[in-house]
Amino acid sequence: MSAPAHVPVLLAPLLAQVAPVGGVWLDGTFGAGGYSAGLIAAGAEHVIGVDRDPDAQAAGDALAAARPGKFTFVAGEFGELADIAAAQGHSALAGIVLDIGVSSMQIDQAARGFSFAKPGPLDMRMAQSGPSAADVVNTAPEAALADILFQFGEERASRRIARAIVEARALAPISTTEALAEIVSKCLPRPKKGQIHPATRSFQALRIAVNDELGQLAKGLEAAESILAPGGLLAVVTFHSLEDRMVKRFMAGGADDGTRVNRYAPAGQHTALRWDRVTRKAITADEDECAANPRARSARLRVARRLEGDARPVDARVLGAPRFDVGGIWA
């Protein structure tokens, strides 16, 4: 089988942390298939690849054809992972891998509208359906726009940028990545050498809001807890501090971290632990990987092993995700 066109970040350390690989795995963010192919090569009996982006279907079909009996692709999102696993005849998986955030393939396609560096429609929808970034930018109230930029992009000039967006859209709809990037850039100082583009944080924030990425992450973590067999492994790669914080809290919340006793339970009754953290600290890419793939610089890998404790519902807000509603979009 030829190597996949896209090599996912932290693949080698991920495989090292979950070795020896065996049984049935679920790749919840299939993309171009790098993690799935890596898991199969490492010894997985079968991998179920899931992605909400319709463009992932072609790569899924190719991998299934190249490794018959070893791989199945299913279109879906995090909230459907438990149902997808059950439909494939697997209710107790050996492992799950989740790569949170936008893929390089999505960024590289100008027509998808994810990048301020590529002229295109202001879209940003991973599933290619539902409200787009242009819908949010052109209809959300000024205060809501400022909240999105500050909460999801950690943009300190969020109010100034939101005001500029509202003023600009009053003259004409903001429909392209170029137009939005120009509006944002005018609100901020010219970047010095080595600094990020002025629109980086704003584009990131809008993408997270449009795709409900933090809400989807919470759903994926909840699904993982319900469908992993005891001893099964959950590996999550994040690219944003909010995502990493949610994963860290989730894995620590059910682990043996000094909170084993349930203070609401009768004396002597203990709460069964749900997770054992394999990685106490997040793993980051080494210098060689960062040089080969700049996207790896912000990547963080955390791995935990499922224990016997009963699965519980997961609330994104409890894990630290901001929440507010913008024109019907959960954000």
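Residues numbered from 1 in each chain as written. Predicted model: local features only at pLDDT ≥ 70, side-chain atom pairs only at ≥ 80, totals over all residues. Heavy atoms only, no water.

A. Seen up close, the pattern of salt bridges. Within the structure shown, the criterion is met by 10 salt bridges. For the salt bridge of Asp55 with Arg112, the shortest nitrogen-to-oxygen distance reads 3.1 Å. On the criterion of sequence distance, the pair formed by Asp55 in the loop between strand 2 (46–51) and helix 3 (56–66) and Arg112 in the loop between helix 5 (104–108) and helix 6 (133–139) is long-range, its members being 57 residues apart. One salt bridge connects Asp244 with Arg302, and the closest N-O pair in it is separated by 2.7 Å. With Asp244 in helix 12 (residues 241–253) and Arg302 in strand 7 (residues 300–306), the pair connects residues that are 58 residues apart, well separated along the chain. A single burial state applies to Asp244 and to Arg302, both of which are buried. Several salt bridges share partner residues, and in doing so they unite Asp53, Asp55 and Arg112 into one network. (Salt bridge = Lys/Arg side-chain N within 4 Å of Asp/Glu carboxyl O. Helix = DSSP H or I, 4+ residues; strand = E, 2+ residues; numbered from the N terminus. Buried < 20%, exposed > 50% of the residue type's maximum accessible area, 1.4 Å probe, protein only.)

B. Region of interest: the packing of aromatic side chains. A complete count under the given rule lists 4 aromatic pairs for this structure. Taken together, a centroid distance of 5.4 Å and an interplanar angle of 65° make the contact between Phe30 and Phe73 edge-to-face. Pair noted here: Phe30 is in the loop between strand 1 (24–27) and helix 2 (34–42) and Phe73 is in strand 3 (residues 71–75), with a separation of 43 residues, a long-range link. Since its relative accessible area comes to 2%, Phe30 is described here as buried. When the centroid spacing of 5.6 Å and the interplanar angle of 80° are considered together, the rings of Phe116 and Phe203 count as edge-to-face. Of this pair, Phe116 sits in the loop between helix 5 and helix 6 while Phe203 sits in helix 10 (residues 200–210), and the two are 87 residues apart along the sequence. Feature note: the residues Phe30, Phe71 and Phe73 constitute an aromatic cluster, connected by ring pairs. (Phe/Tyr/Trp six-rings, centres within 6.5 Å; stacked < 30°, edge-to-face > 60°.)

Function cannot be read off these values alone, since they describe shape.
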